[in-house]
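Analysis of the macromolecular model
So the chains spell out like this:
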Amino acid sequence: MSTILLATAPPLKVQTITTEAEVDSLIELAFSDYGITRSQFRSQALAIDTSFSRKIYRMNVPEGFSKTSFHLRLQKAISPYGLEVPAKIYFPDEDMHIHILYNDTVWRTIRITTNNN
């Protein structure tokens, strides 16, 4: 039965990314869809070399914010564009760094930290 389902499933349509600004738009749309406002994150460009810079998004979230759920939603939103979205959790604070890769290059990083107030 599963073979038939796989054989009849429509092929995954991969969109293409042509600019880094499109990646930023997808990230910020995912933030908005998850209820994260512009005032809750900041971004900074980090020069890698003379022809490439990586934008790093920083977001402080309240305790109880599901970083894993956000990561999953972000992945679902941008993976159709051929982007990979690996993440790493840093203990003991449980900070999460999400990397947005395109053609094996890290284009963006989202660093999520928990407010411990």
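Please read these numbers as outputs of a predicted model, since none were measured by experiment.

**What to know about helix α3 (residues 67-78)**
Compared with an ideal rise of 1.5 Å per residue, which puts twelve residues at 16 Å, α3 spans 16 Å between its outermost C-alpha atoms and is within 8% of the ideal. Residues of α3 that are buried make contact with α2 (20-33), β2 (52-61), β3 (87-90), β4 (95-102) and β5 (105-114).

**Observations regarding the confidence of the model for the protein**
When pLDDT is averaged along the protein, the result is 86; 87% of the residues meet or exceed 70. Low confidence marks residues 1-7, where pLDDT is under 50. Its contacts with residues over four positions away, or in another chain, come to zero contacts.

**Comments concerning the packing of aromatic side chains**
A complete count under the given rule lists eight aromatic pairs for this structure. Taken together, the ring pairs connect Phe31, Tyr34, Phe41, Tyr57, Phe65 and Phe70 into an aromatic cluster.

**Points about the sheet that holds strand β1 (residues 41-49)**
Where strands meet in a sheet, backbone hydrogen bonds hold them as pairs that are either parallel or antiparallel. On the basis of which strands lie adjacent, the open sheet formed by five strands has the order β1-β2-β5-β4-β3 and mixed pairing. Two strands in the sheet have a free side with no partner beyond their single neighbour: β1 and β3. Along the sheet, successive strands turn relative to each other by an average axial angle of 20 degrees, direction set aside. Against the sheet, α3 engages β2, β3, β4 and β5, with an angle of about 10 degrees to β4.

What counts and how
- Residues numbered from 1 in each chain as written.
- Predicted model: local features only at pLDDT ≥ 70, side-chain atom pairs only at ≥ 80, totals over all residues.
- Heavy atoms only, no water.
- Helix = DSSP H or I, 4+ residues; strand = E, 2+ residues; numbered from the N terminus.
- Expected span 1.5 Å × (residues − 1).
- Contact = heavy atoms within 4.5 Å.
- pLDDT = per-residue confidence, 0-100.
- Phe/Tyr/Trp six-rings, centres within 6.5 Å; stacked < 30°, edge-to-face > 60°.
- Pairing = 2+ DSSP bridges.
- Axes fitted to C-alpha atoms, helices over the stretch in contact; angles between N-to-C directions.

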